[in-house]
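Analysis of the macromolecular model
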Amino acid sequence: MSRRLPPISTLRALEAAARCLSFTKAAKQLNVTQSAISHQIKLLEDLWGLKMFERRGQRLIVTRAGQDMADVAREFFSRIDTTLDSLRAVSPRQPLRLDTFTLPGDVTLD
């Protein structure tokens, strides 16, 4: 496993920021602060040595690297969601049934 894999929360931040073209809108969607999104993006940039976004005045521009990685993150989350849905359809949750018994000589607590 690569040591350069970031926490999933940073991938969520990248995907949302790239889709929204706004750290503020991404933060609202993920129920975190704008500062949290900014810090997560910085962590990715430092970890991978790639610039994910550029600022041009008030505009946020996704770099080619940022868009490529956001696309990978989006596909990753989509595949996990699809796989979980199919697994749940095959084996839905069923209640767990436990039977217990006491052997002669066992101590019971009241």
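Details of the structure are given in the entry above.
Parameters at a glance
Residues numbered from 1 in each chain as written. Predicted model: local features only at pLDDT ≥ 70, side-chain atom pairs only at ≥ 80, totals over all residues. Heavy atoms only, no water. Core = buried A, V, L, I, M, F, W, Y, C linked by side-chain atoms within 4.5 Å. Buried < 20%, exposed > 50% of the residue type's maximum accessible area, 1.4 Å probe, protein only. Helix = DSSP H or I, 4+ residues; strand = E, 2+ residues; numbered from the N terminus. Contact = heavy atoms within 4.5 Å. Arc of directions from axis to C-beta. Polar contact = N/O pair within 3.5 Å; in protein donor to acceptor, adjacent residues only side chain to side chain. Salt bridge = Lys/Arg side-chain N within 4 Å of Asp/Glu carboxyl O.

**Brief notes about the nonpolar core**
Leu 14, Ala 17, Phe 23, Ile 37, Ile 41, Met 52 and Phe 53 are the most contacted members of the largest nonpolar core, which has 20 residues in total. Per element, the largest residue contribution to this core is 6 residues, and it comes from helix 1 (residues 8-20). Setting aside anything within four residues of it in sequence, one finds Phe 53 in contact with Leu 14, Ala 17, Ala 18, Phe 23, Ile 41, Glu 45, Leu 60, Ile 61, Val 62 and Thr 63.

**Describing helix 2 (residues 23-30)**
Every buried residue belonging to helix 2 is among Phe 23, Ala 26 and Ala 27, and all of these are buried. For helix 2, the arc enclosing every buried residue in end-on projection is 100°, short of the 170-degree limit, so these residues lie on one face. Within helix 2, the exposed residues directed more than 90 degrees away from the buried face are Lys 25 and Lys 28. On the buried face of helix 2, the contacting elements are helix 1, helix 3 (34-48), strand 1 (53-56) and strand 2 (59-62). The opening residue of helix 2, the one whose side-chain oxygen lies 3.2 Å from the backbone nitrogen of Thr 24, is Ser 22.

**What about the pattern of salt bridges?**
Applying the stated rule across the entire model yields 7 salt bridges. One salt bridge connects Glu 15 with Arg 74, and the closest N-O pair in it is separated by 2.9 Å. One end of the pair, Glu 15, is in helix 1; the other, Arg 74, is in helix 4 (residues 64-90), with 59 residues separating them in the sequence. By relative accessible area, Arg 74 is classed as partly exposed at 31%. A salt bridge links Arg 74 to Asp 71; the nearest nitrogen and oxygen atoms lie 3.0 Å apart. With Arg 74 and Asp 71 both in helix 4 and 3 residues apart, the pair spans about one turn of that helix. Note on Asp 71: relative accessible area 35%, which makes it partly exposed.

Taken by themselves, the reported measurements are silent on function.
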